[in-house]
Amino acid sequence: MKRSEKVCVAAAACFGVLGLFCVIFRFFGMRFSGFLCIGVALLLLLFFFLGRLGRRRQIWKKLRMLLCAAVVVGLAVFAVLEAQVMRAAHSVPAPADAVIVLGAGVNGTQPSLALKMRLDAALAYALDYPDIPLVLSGGQGYGEEISEAECMYRYLTEKGIAPERLLLEEQARNTEENFRFSKAVLEENGYEVGRMTVAVVSNDFHLCRAELLARREGITPTGVGAPIPWLHLELNYYIREAFALAKAYVL
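Throughout what follows, the structure given in this document is the object of discussion. (Residues numbered from 1 in each chain as written. Predicted model: local features only at pLDDT ≥ 70, side-chain atom pairs only at ≥ 80, totals over all residues. Heavy atoms only, no water.)

Turning to the side chain of Glu 234, a few remarks are in order. Relative to the elements of secondary structure, Glu 234 occurs in helix 8 (residues 231-250). Buried charge without a partner: Glu 234 forms no salt bridge, and the closest opposite charge is Arg 240, 10.0 Å away. (Helix = DSSP H or I, 4+ residues; strand = E, 2+ residues; numbered from the N terminus. Buried < 20%, exposed > 50% of the residue type's maximum accessible area, 1.4 Å probe, protein only. Lys, Arg positive; Asp, Glu negative; His and termini not counted. Salt bridge = Lys/Arg side-chain N within 4 Å of Asp/Glu carboxyl O.)

The subject of this paragraph is the pattern of salt bridges. Per the stated rule, a full pass over the model turns up 8 salt bridges. Its salt-bridge partner being Glu 192, residue Arg 195 comes within 3.5 Å of it at the nearest N-O pair. With a shortest N-O distance of 2.6 Å, Arg 209 and Glu 241 are connected by a salt bridge. Pair noted here: Arg 209 is in helix 7 (residues 207-216) and Glu 241 is in helix 8, with a separation of 32 residues, a long-range link. Assigned by exposure class, Arg 209 and Glu 241 land together as buried. Because the salt bridges share partners, they merge into one network encompassing Glu 5, Arg 52 and Arg 55.

Scanning the model with the defined rule gives 6 aromatic pairs in all. Each ring, one from Phe 48 and one from Phe 49, has its centre 5.1 Å from the other, and the planes form 70 degrees; the classification is edge-to-face. Assessed through its relative accessible area of 47%, Phe 49 is described here as partly exposed. Pairwise contacts between aromatic rings join Phe 32, Phe 78 and Phe 243 into one cluster. (Phe/Tyr/Trp six-rings, centres within 6.5 Å; stacked < 30°, edge-to-face > 60°.)

Here we come to the environment of Trp 60. Along the polypeptide, Trp 60 turns up in helix 3 (residues 58-89). Given the relative accessible area of 31%, Trp 60 is considered partly exposed. Distance in space between the C-alpha atoms of Trp 60 and Phe 49 is 9.1 Å, their sequence separation being 11 residues. When sequence neighbours within four positions are dropped, the list of residues in contact with Trp 60 reads Leu 50, Leu 53 and Gly 54. (Contact = heavy atoms within 4.5 Å.)

Quick look at helix 5 (residues 148-158) now. Turning to helix 5, its buried residues are Glu 148, Ala 149, Cys 151, Met 152, Tyr 155 and Leu 156. An end-on view of helix 5 places all buried positions within 160 degrees of arc, on one side of the element. Looking at the buried side of helix 5, the elements it contacts are strand 1 (98-102), strand 2 (106-107), strand 3 (110-111), helix 4 (113-128), strand 4 (134-137) and strand 5 (166-169). After helix 5 finishes, the residue Gly 160 shows a positive phi value of roughly 105 degrees. (Arc of directions from axis to C-beta.)

Here we take up a nonpolar patch on the surface. A cluster of nonpolar side chains, Leu 53, Ile 59, Trp 60, Leu 63 and Leu 66, forms an exposed patch at the surface whose accessible area comes to about 430 Å². A per-element tally of the nonpolar patch places helix 3 first, with 4 residues. Its place among the elements puts Leu 53 in helix 2 (residues 31-53). Judged by its relative accessible area of 31%, Leu 53 is partly exposed. (Patch = residues over 30% accessible without salt bridge, like charges linked within 9 Å, V, L, I, M, F, W, Y side chains within 5 Å. Areas by Shrake-Rupley, 256 points an atom, 1.4 Å probe, with all protein chains shown as cover.)

Our focus in this paragraph is the sheet that holds strand 6 (residues 197-203). Read across the open sheet, the 5 strands follow the order 5-4-1-6-7; overall the sheet is parallel. Each of the sheet's edge strands pairs with one partner strand only, and the pair in question is strand 5 and strand 7 (220-226). Between one strand axis and the next, the sheet turns by 25 degrees as a mean value, whatever way the strands run. Both strand 6 and strand 7 contribute to a ladder of 7 bridges, which runs parallel. Note on strand 7: the bridge partner recorded for Val 198 is Pro 221. Running over the sheet, helix 4 touches strand 1, strand 4, strand 6 and strand 7 and is turned about 145 degrees from strand 6. Lying over the sheet, helix 7 contacts strand 1, strand 6 and strand 7, oriented at roughly 160 degrees with respect to strand 7. (Pairing = 2+ DSSP bridges. Axes fitted to C-alpha atoms, helices over the stretch in contact; angles between N-to-C directions.)

Once that is clear, we can look at the nonpolar core. Core analysis: the biggest nonpolar cluster contains 28 residues, and Val 99, Val 101, Leu 134, Leu 136 and Leu 156 have the highest contact counts within it. Taken together, the elements giving at least two residues each to this core come down to strand 1, helix 4, strand 4, helix 5, strand 6 and strand 7. In terms of residue count, helix 4 provides more of this core than any other element does, 8 residues in total. Residue contacts for Val 99: discarding those within four places in its chain leaves Tyr 125, Ile 132, Pro 133, Leu 134, Val 135, Val 198, Ala 199 and Val 201. Among the nonpolar cores identified, the runner-up in size contains 16 residues, and Val 135, Leu 167, Leu 186 and Ile 219 belong to it. (Core = buried A, V, L, I, M, F, W, Y, C linked by side-chain atoms within 4.5 Å.)

No statement about biological role is implied by the geometric values presented.
Put into structure tokens, the structure is as follows:
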């Protein structure tokens, strides 16, 4: 076995073990990165076997070259998507006529870390623009004792936001529904969404896809990003979001 082949197999083993560890034990919430590592391990093994087979028949060598080209194209597409995610995440929010706060997980009746960070960002924005309404969007999911919207309402009112500024949308199960149903709530309360700029509050890595989906619903968004305080989770979510953005473009 050539030295390059040994390196390929060793790298595949390292990625495979790391990936399985993350998937099985949900290491620090990095399950997606675990699946990604397993995928890299399988790809490296495929390169290894195609290289071995390519010594016997030319067709396997050509397949290996095609696979290399596909990987290069895939990495280029990933880089473009990731650049969009990063640009949206670090954009400066503009003044808006209303706010939509996208829901996230609720632990019983308490906001998860991701949701708390979104609420703190929404709170800061609401204090900067005290005359605009906030739509709190999110239904009740598995393991949640109250809806995400109700959890956000309790949190923000406890922090001093006037209840009359808060509009609850408690049916949404995903980001598309967040915008569709929130738009309906605003219109039911007399707002002309088509003539408004709406501040979309979510975690920073999610803003690019959120803004894309908002525009599809006829909403003109400006992103308000909330960071995740742990670097390893930020890295995990930023990588995952590039794949989610690709899916959003296709579908």
